[in-house]
Structure formats: C-alpha cells, structure tokens
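Per-entry structural report
For reference, the chains in residue letters:
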Amino acid sequence: MRPGIPGARIDVRSDVKNKGLLPRHVQVQTVSWCNRGCAFCPSRKFPREAKFMEMAAYERILGELASEGFAGRFSPYLQGEPMLDPRMAERVARARARLPEAKILIQSNGDLMTVEKGEELFRMGLHKLILNCYDDEGGRLEGLRNLAKELARRVPGLEVLTRGEFGRMALG
C-alpha cells in the first residue's frame, strides 16, 4: 500500500443550481479602461477608447442569465477598473434583483474605493469585494487595510481576509 501524498485532495463539485448548462462564472466588462498599468495586465498595452457599457446591454445580459436561472458567480468587471464606472452600485443592485441566487463579486485595485462606496456596494447586494494591492507607494497598503477594517465595522457580518504583504484583501 502506498503512503498518501501530502496536500493531495479530491474536489467534488456540483453545478446543480445552474442545471449544468451555464458557466459557473460570468464576468461583464462595464468599463473599457483602467487607471493603472500593472505589468501583468494587458489593459494599457492595447489602446482603447474610454467607454462604459450601456445599461440596456447590461440589462440584456442579466435578462438572459435570469431566464436560465443563473446561480453562479457574477462579476461586473473584467480588465477595466470597476470603480471607474459611476453606476457600479446601480449595476450591482440590478444584478442582485435579476440574479437573486448569484454571488456578486468585484475585484478592484482600490484606488477609487471609499468606505462610503464600499458600504453602498454591499447594501446593493455585493457578496464579495477583493482589493488588490500590488505596491505600497505612499502607504497604499495600510490605507486599504484601514478601509477594509472600517467597512467591516460598518457592514454587519462582513469578514476581512488578508493574504500576503502585497496581494489581496477579500471582504465578504
């Protein structure tokens, strides 16, 4: 008999809620640009016109997902910085209304995040917010940590998870 392999695991996943027909994760790019130029991201490497997705197109996507009973993870961002979109809280609210079983997640570089914006996103139905910090210029990391702590103080049941010295903070 062979000894076990340290760290080996089996993941058994179910896609019952999505009837096995839909993707588990859907990301919708509502903003076409980012305010940063991270080395690993193609966002600034390919010039694009700064645009926001029209709400009618966003609603059409939500409607199609809702008609199929989508219950996976829905993220109203892709390569752009979601907090550049002045209607992000409204988009989260519309997604929550149309996709009541979905987990709504946003990842942000945190540059434009405030406690008030974070509170509003969670009030509108956000499930999880990930703040990515790839540098500590001007005490940025400490600022994001303080923002996360204050959000956790103001939003009932909010948990803060911090990974690494730089990297991500998850709130949800």
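Quick summary incoming for the structure in this document. Since the structure is predicted, the reported quantities are computational estimates derived from the model, not experimental observations.

Glancing now at the pattern of salt bridges. All chains considered together, the criterion is met by nine salt bridges. With a shortest N-O distance of 3.0 Å, Glu59 and Arg94 are connected by a salt bridge. In this pair, Glu59 sits in helix 1 (residues 55–67) while Arg94 sits in helix 2 (residues 88–98), placing the two residues 35 residues apart along the sequence. Residue class for Arg94 comes out partly exposed when judged on its relative accessible area of 28%. Close ionic contact of Glu59 with Arg98 constitutes a salt bridge, the shortest N to O distance being 2.5 Å. Taken together, the residues span a long stretch of sequence, with Glu59 in helix 1 and Arg98 in helix 2 at a distance of 39 residues. By relative accessible area, Arg98 is classed as partly exposed at 34%. Taken together, the shared-partner salt bridges connect Glu116, Glu119, Glu150, Arg153 and Arg154 into one network.

Further remarks concern the pairing of strand 3 (residues 103–108). Of the pairings in the sheet, the one linking strand 2 (residues 73–75) to strand 3 comprises two bridges and is parallel in character. Its bridge partner lying in strand 3, Arg73 is registered against Lys103. Each parallel crossover has a hand, and for strand 2 linked through helix 2 to strand 3 it is right-handed. Relative to strand 4 (residues 128–133), strand 3 runs parallel, the two sharing four bridges. Looking at strand 4, one finds that Leu105 is bridged to Lys128. Between the parallel elements strand 3 and strand 4, the chain passes through helix 3 (residues 115–124) in a crossover that is right-handed.

Moving on, we come to helix 2. Every buried residue of helix 2 is accounted for by Met88, Ala89, Arg91, Val92 and Ala95. An end-on view of helix 2 places all buried positions within 160° of arc, on one side of the element. As for helix 2, its buried residues are in contact with helix 1, strand 2, strand 3 and helix 3.

Turning our eyes to something else, we now look at the packing of helix 3 against helix 4 (residues 140–154). Where helix 3 meets helix 4, the axes come as close as 10 Å, and the angle between the chain directions of the two elements is 45°. Classified by the angle their axes make, helix 3 and helix 4 are oblique. As helix 3 packs across helix 4, the resulting crossing turns out to be right-handed. Within the contact between the two elements, helix 3 uses Val115, Glu116, Gly118 and Glu119 and helix 4 uses Leu147, Glu150, Leu151 and Arg154. For the contact of helix 3 with helix 4, the class distribution of residues is three nonpolar, one polar and four charged.

To continue, consider the packing of aromatic side chains. The geometry of two aromatic rings is summed up by the distance between their centres and the angle between their planes. For the structure shown, the criterion picks out one aromatic pair. A cation sits over an aromatic face here: Arg91 above Tyr58, 5.0 Å from the ring centre.

Calculation notes
Residues numbered from 1 in each chain as written. Predicted model: local features only at pLDDT ≥ 70, side-chain atom pairs only at ≥ 80, totals over all residues. Heavy atoms only, no water. Salt bridge = Lys/Arg side-chain N within 4 Å of Asp/Glu carboxyl O. Helix = DSSP H or I, 4+ residues; strand = E, 2+ residues; numbered from the N terminus. Buried < 20%, exposed > 50% of the residue type's maximum accessible area, 1.4 Å probe, protein only. Pairing = 2+ DSSP bridges. Right-handed = clockwise from strand over helix to strand, strands pointing away. Arc of directions from axis to C-beta. Contact = heavy atoms within 4.5 Å. Axes fitted to C-alpha atoms, helices over the stretch in contact; angles between N-to-C directions. Parallel < 35°, antiparallel > 145°, perpendicular 65-115°, else oblique. Left-handed = near helix turned anticlockwise from the far one by under 90°. Nonpolar A, V, L, I, M, F, W, Y, C, P; charged D, E, K, R; others polar. Phe/Tyr/Trp six-rings, centres within 6.5 Å; stacked < 30°, edge-to-face > 60°. Lys NZ or Arg CZ within 6 Å of the ring centre and 35° of its normal.

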